[in-house]
Amino acid sequence: MNTLFRTCPQSGLQFDKTAETLMKANAVAGVVFLLVGGILALLVTLTRWPAVHLLPADTFYMTLTAHGIDMLIFWIIFFEIAVLYFCSSTLLRCRLATPRLAWLAFALMLIGSVTANVAIFRGDSSVMMTSYAPMQAHPAFYLGLILFAVGALVSCFIFLGTLVIAKAENTYEGSIPLVTFGALTACIIAVFTIASGAIILIPTFLWSVGLISHIDPLMYKTVWWAFGHSSQQINVSAHVAVWYAIAAIAFGAKPMSEKVSRTAFLLYILFLQLASAHHLLTDPGISSEWKIFNTSYAMYLAVLASMVHGLTVPGSVEVAQRKKGFNKGLFEWLRKAPWGNPVFSGMFISLIGFGFLGGISGVMMGTEQLNLIVHNTLYVPGHFHATVVVGTTLAFMALTYFLIPVLFRREVILPGLAKWQPYLFGIGMGAFSLFMMGAGTLGVSRRHWDIAFAGSPMAYEYPATAYLLLGLMAVSGLVAMVGGAAYLLITVGSLLWGKKLEPVSYRKETVPLRLAPGAPAIEAHGGVGVGGFAAPGTFVLALVFLVSFVLYYFINWKYLSQTWGLS
Amino acid sequence: MSNTNEATPPERIPVMQHILDNPFLLLFLGVAMPTVFYIVWGVMEIVTIPVAK
Amino acid sequence: MSAILPPESRVWWKQPVDRVEGMWIALALIWSLIMFFMMPYWHVFGKQNLSNEAYRTTPEAFSAKAQAMVDQYTVRTETEQKIPVVRPPAGSDVYLISRLWQWWPILELEAGKSYRLHLTSMDYLHSFSLQPENLNLQVIPGYEGVVTITPTRAGKYSVVCNEYCGLGHHTMVSSLYVVNK
């Protein structure tokens, strides 16, 4: 096997040449789908803005179906495969397992994603991302998703294979890095996700071509969500791993405690996927015991894990900053952080947005009884635009600014715009989510073409505030889209016209990672912080978060208690 | 703790660290948990729903 | 050295946990348990819970029961389609059909009284969204969910479908009346 390696002079990271090309291919494919999904986002937003109401109903539902699938599945998973290859081959300084198979996987994913898009844009597969049976799409729709899933599954096993090779060939010593462990978590969740997708989509495909006569709608919905929701849990694990990576890259931050962070990832592995139950809380026929156990990730242990990551990522940044001398008071470390560096600002906005907007709303919504007052309203997409767009997408955008010089060997063009991009996108999207959630609490439905119910003799009249919130939502969405367009312009522009960095030479051997001989056992963080707390500023922020969480949670119980009795 | 040299036997690795260092054990756990609690339990509930009178 | 490198020493499990992390984990765990126990607590002491009562059904069987209710308790009809408005007695079983793109019939209930509401769909998935209360229940074809509802205030309510069900989805809205005796 002719494997060639290069070491990046800026970052010291080592790339396997084939893995490098595969990372580029997957990342670029992801960004192309982000572009397509972004254009569709514009059309969807302008239609849901009542004052504009751009598209006719059929085109709107078609556009919304494509927007959901291109963003939630294709953009994110393509990018995640690049992250998986990076976290295994690059971080472990190892050759990638079976590169030929990796190309086959990439080809399957590409063919699958194009097939599904063609099916949707033919106009006879406007079934939304969820494609609930018995509503039927064109067979090519299911086939495309299946091909994509198979390709993604193969990529996951290539990641695992690379871990095995790294261990066997001794390219590192000790345990895998924390970021690779986070990627492993994402990979494990992906395996379950994709397997569930196969269990449900293969029979559904056979049904669409007439080989199976009936798909049970409730069974479909239950198993589909093991795929649909878990795929968002891949994103959570992946973007948390990216947060840790960026803290390490931008600050040289050490994890505060390997034990705590890895145990938190273990809680993700064990419990995060149970939350697929969030989508079945008002469904008939499934017991409250099942709902309570699954919706709470078995006693909220995965929420506990997210709260731990939410503390340890900024906490490790704080410790690193304090060691550099920004040790005054509670927040000097944060004030003196590199706010003009989009790698850092993107990560930090992603973290705050994911926690405050996405996390709190998600737990509220995922409470068995509280779900009654939000199910299928705009609150739901409001929540997941905070998690998947502000959380995952923005974290991946931040990582891109690091990857352009390191992986693609180009200078980032338009640095002035790049500096502002995370703010435009993050704040625009955060406001968009918030207004969407607001409209949802007023009862506005998701996936609904016309909240004025044109053509219906018994139209319901939403309060004027709902219309106002939808207008504000659309305007914030446009701001976010300007941010998204800026990202695409900078990324694509840098790859095409960015100044080439000095060429690096490839060699045949890897430079293995070695532990410093006789390194002492890791100790606690002596010497920094206030009052025996290594990261007091982060702790204060965490308490602010907890107080907001508790208040918001109980306010919703109060709302629920005022509504009709149900038993 | 501070001075270690080549001669001292390597420190024993705690059990939890062994578990966290084993990707395939984690893969098994990560697939088994939701399969049992979410899918199998859920599907059993659905198939035992009685027929309406 | 950092999160993108292997831990500095072979054994990292024994590193002492910083006070910040220890306290936060304790707080987060307590909060997680509180949230968990809120759900069973509400089942016992709260007034808004879903029943676990559900049956397998067919469009024919369910339509027959709904038709029987309509035949017995219709008080008037509304709209050009002459959709019956039914006023079933308090405490009785009421049947609401959802289908492309209509709720049938229109219900008229008494404030403060309880009714056993049966919901199913004749075709695709729908979702019962009561406005402006903003109470939302998933409706699934082939399954009959039963929930006891107790309207609080008199007034005219709307039942919106908030599960995407095809091109006419946005026209699927009906009224629901709550009256004082």
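Look up: the structure comes first, before these words.
## Some points on the interface of chain C and chain A
At step 1: Tallying the contact residues gives 91 residues for chain C and 121 residues for chain A.
At step 2: Summed over both partners, the interface of chain C with chain A buries about 9,400 Å², with 68% contributed by carbon and sulfur atoms.
At step 3: The interface formed by chain C and chain A contains two salt bridges.
At step 4: Linking chain C to chain A there are 36 residue pairs in polar contact (both at pLDDT 80 or more).
At step 5: Listing elements by their share of the side of chain C that touches chain A, those giving two or more residues are helix H1 (19-45), strand E1 (54-56), strand E8 (126-131), strand E9 (135-139), strand E10 (143-150), strand E11 (155-161) and strand E12 (173-179) of chain C.
At step 6: By residue class, the composition of the side of chain C that touches chain A is 51 nonpolar, 28 polar and 12 charged.
At step 7: Where strand E3 (residues 565-566) of chain A lies against E10 of chain C, two bridges are found, and the strand directions are antiparallel. Directly across from Gly-565 of chain A, in E10 of chain C, lies its bridge partner Thr-150 of chain C.

## Some points on the pattern of salt bridges
Residues and elements named next belong to chain C.
At step 1: For the structure shown, the criterion picks out 23 salt bridges over all chains.
At step 2: Close ionic contact of Glu-133 with Arg-153 constitutes a salt bridge, the shortest N to O distance being 3.1 Å. Here Arg-153 lies in the loop between E10 and E11 and Glu-133 lies in the loop between E8 and E9, a separation of 20 residues in the sequence.
At step 3: Using a relative accessible area of 44% as the deciding quantity, one classes Arg-153 as partly exposed.
At step 4: Each member of the salt-bridge network shares a partner with another, and the members are Arg-76, Glu-78, Arg-87 and Glu-108.

## Focus on the interface of chain B and chain A
At step 1: Contacts between chain B and chain A engage 26 residues on the former and 38 residues on the latter.
At step 2: Approximately 2,800 Å² of surface area, both sides summed, lies buried where chain B meets chain A, with 78% of it carried by carbon and sulfur atoms.
At step 3: Of all residues in chain B, Leu-20, Tyr-38 and Ile-46 of chain B give up the largest surface area on contact with chain A, accounting jointly for 25% of the area buried on that side.
At step 4: Broken down by secondary-structure element, the contributors of at least two residues to the side of chain B that touches chain A are helix H1 (15-20) and helix H2 (23-47) of chain B.
At step 5: When grouped by side-chain class, the residues that make up the side of chain B that touches chain A number 19 nonpolar, five polar and two charged.

## Focus: the sheet that holds E8 of chain C
Residues and elements named next belong to chain C.
At step 1: Here seven strands make up an open sheet; going across it, the order is E2-E3-E6-E12-E11-E8-E9 and the pairing mixed. Where the open sheet ends on each side, the last strands, each with one partner, are strand E2 (74-78) and E9. The average undirected angle you get between the axes of adjacent strands in this sheet is 25°.
At step 2: Note that E2 and strand E3 (residues 83-86) share four bridges and pair antiparallel. By the bridge assignment for E3, Thr-77 is matched with Pro-84.
At step 3: Sitting on the sheet, helix H2 (residues 59-73) touches E2, E3 and strand E6 (106-110), and the angle it makes with E3 is about 75°.

## Let's talk about the nonpolar core
At step 1: The biggest cluster of nonpolar side chains holds 278 residues, and the ones touching the most others in it are Trp-75 of chain A together with Phe-128 of chain C.
At step 2: Taken together, domain 1 (1-49) and domain 2 (53-179) of chain C each give at least three residues to this core, which thus spans both.
At step 3: Among all residues touching Trp-75 of chain A, those that are not within four sequence positions of it are Gly-30, Val-31, Phe-33, Leu-34, Asp-70, Thr-393, Phe-396 and Tyr-487 of chain A.
At step 4: Core analysis: the next-biggest nonpolar cluster, separate from the first, contains five residues, Met-256, Val-319, Val-528 and Ala-535 of chain A among them.

## What about the packing of helix H13 (residues 379-406) of chain A against helix H14 (residues 415-441) of chain A?
Residue and element names in this part refer to chain A.
At step 1: In contact at an axis separation of 7 Å, H13 and H14 are set at 170° when each is read in the N-to-C sense. Relative to H14, the element H13 is oriented roughly antiparallel.
At step 2: Broken down by class, the residue content of the contact of H13 with H14 amounts to 15 nonpolar, 10 polar and no charged.

## A short note on unusual backbone geometry
At step 1: Omega for the peptide link from Ala-133 of chain A to Pro-134 of chain A comes to 10°, which places this bond in the cis form.
At step 2: With respect to the helices and strands, Pro-134 of chain A occurs in the loop between helix H3 (99-124) and helix H4 (139-168).
At step 3: Cis geometry is found at the peptide bond from Gln-131 of chain C to Pro-132 of chain C, where omega equals 5°.
At step 4: Backbone geometry at Tyr-297 of chain A places phi at a positive 50°, although glycine is not the residue there.
At step 5: In this fold, Tyr-297 of chain A is placed in helix H10 (residues 297-323).
At step 6: One non-glycine residue, Asn-134 of chain C, adopts positive backbone phi at about 60°.
At step 7: Judged by its relative accessible area of 3%, Asn-134 of chain C falls in the buried class.

## Thoughts on the environment of Phe-5 of chain A
All names here are of chain A.
At step 1: Topologically, Phe-5 is positioned in strand E1 (residues 5-7).
At step 2: Each C-alpha atom, one on Phe-5 and one on Phe-271, is 38 Å from the other, the two residues being 266 residues apart in sequence.
At step 3: Phe-5 has contacts with Gln-14, Phe-15, Asp-16, Cys-94, Arg-95, Ser-505, Tyr-506, Arg-507, Lys-508, Glu-509 and Thr-510, leaving out every residue within four places of it along the chain.

## Remarks on H14 of chain A
Residue and element names in this part refer to chain A.
At step 1: Taking 1.5 Å of rise per residue, 27 residues should cover 39 Å, and H14 covers 40 Å from first to last C-alpha, within 8% of that figure.
At step 2: Of all the bends found along H14, the most pronounced is centred on Gln-421 and spans about 30°, while Pro-422, a proline, follows it within four residues.
At step 3: One or two positions beyond H14, positive phi appears at Gly-443, with a value near 95°.

## Examining H10 of chain A
Residues and elements named next belong to chain A.
At step 1: A rise of 1.5 Å per residue sets the reference length of H10, with its 27 residues, at 39 Å; its end C-alpha atoms lie 37 Å apart and thus fit the reference within 8%.
At step 2: Buried residues dominate H10, accounting for 22 of its 27 residues.
At step 3: At the C-terminal side of H10, Gly-325 shows a positive phi close to 110°.

## Considerations on the side chain of Ser-276 of chain A
At step 1: Structurally, Ser-276 of chain A is set in the loop between helix H8 (258-271) and helix H9 (288-295).
At step 2: Here Ser-230 of chain A takes part through its side chain, which lies 3.4 Å from a polar atom of the side chain of Ser-276 of chain A.
At step 3: Reaching out from Ser-276 of chain A, the side chain makes a polar contact with the backbone oxygen of Gln-273 of chain A at a distance of 2.9 Å.
At step 4: Every residue in contact with Ser-276 of chain A, bar those within four places of it in the chain, is listed here: Trp-225, Ala-226, His-229 and Ser-230 of chain A together with Tyr-38 of chain B.

## Description of the packing of aromatic side chains
At step 1: Taken as a whole and assessed by the stated rule, the structure comprises 46 aromatic pairs over all chains.
At step 2: When the ring of Trp-224 of chain A is compared with that of Trp-225 of chain A, the centres are 4.7 Å apart and the planes differ by 90°; the resulting orientation is edge-to-face.
At step 3: The exposure class assigned to Trp-224 of chain A is buried, which follows from its relative accessible area of 1%.
At step 4: Assessed through its relative accessible area of 8%, Trp-225 of chain A is described here as buried.
At step 5: Where Phe-36 of chain C meets Phe-37 of chain C, the ring centres are 5.0 Å apart and the plane angle is 85°; that geometry is what we call edge-to-face.
At step 6: Residue classification places Phe-37 of chain C among the partly exposed residues on the basis of a relative accessible area of 48%.
At step 7: Here the aromatic cluster, defined as three or more aromatic residues joined through ring pairs, consists of Phe-356, Phe-545, Phe-549, Tyr-553, Phe-554 and Trp-557 of chain A together with Trp-31 and Trp-42 of chain C.

Each value, and the rule that gives it
- Residues numbered from 1 in each chain as written.
- Chains lettered and ligands numbered in written order.
- Predicted model: local features only at pLDDT ≥ 70, side-chain atom pairs only at ≥ 80, totals over all residues.
- Heavy atoms only, no water.
- Contact = heavy atoms within 4.5 Å.
- Buried area = accessible area lost by both parts, 1.4 Å probe.
- Salt bridge = Lys/Arg side-chain N within 4 Å of Asp/Glu carboxyl O.
- Polar contact = N/O pair within 3.5 Å; in protein donor to acceptor, adjacent residues only side chain to side chain.
- Helix = DSSP H or I, 4+ residues; strand = E, 2+ residues; numbered from the N terminus.
- Nonpolar A, V, L, I, M, F, W, Y, C, P; charged D, E, K, R; others polar.
- Pairing = 2+ DSSP bridges.
- Buried < 20%, exposed > 50% of the residue type's maximum accessible area, 1.4 Å probe, protein only.
- Axes fitted to C-alpha atoms, helices over the stretch in contact; angles between N-to-C directions.
- Core = buried A, V, L, I, M, F, W, Y, C linked by side-chain atoms within 4.5 Å.
- Domains from an automatic or database assignment.
- Parallel < 35°, antiparallel > 145°, perpendicular 65-115°, else oblique.
- Expected span 1.5 Å × (residues − 1).
- Bend = angle between axes of the 7 residues up to and from the residue.
- Phe/Tyr/Trp six-rings, centres within 6.5 Å; stacked < 30°, edge-to-face > 60°.

The values are spatial; any link to function lies outside them.
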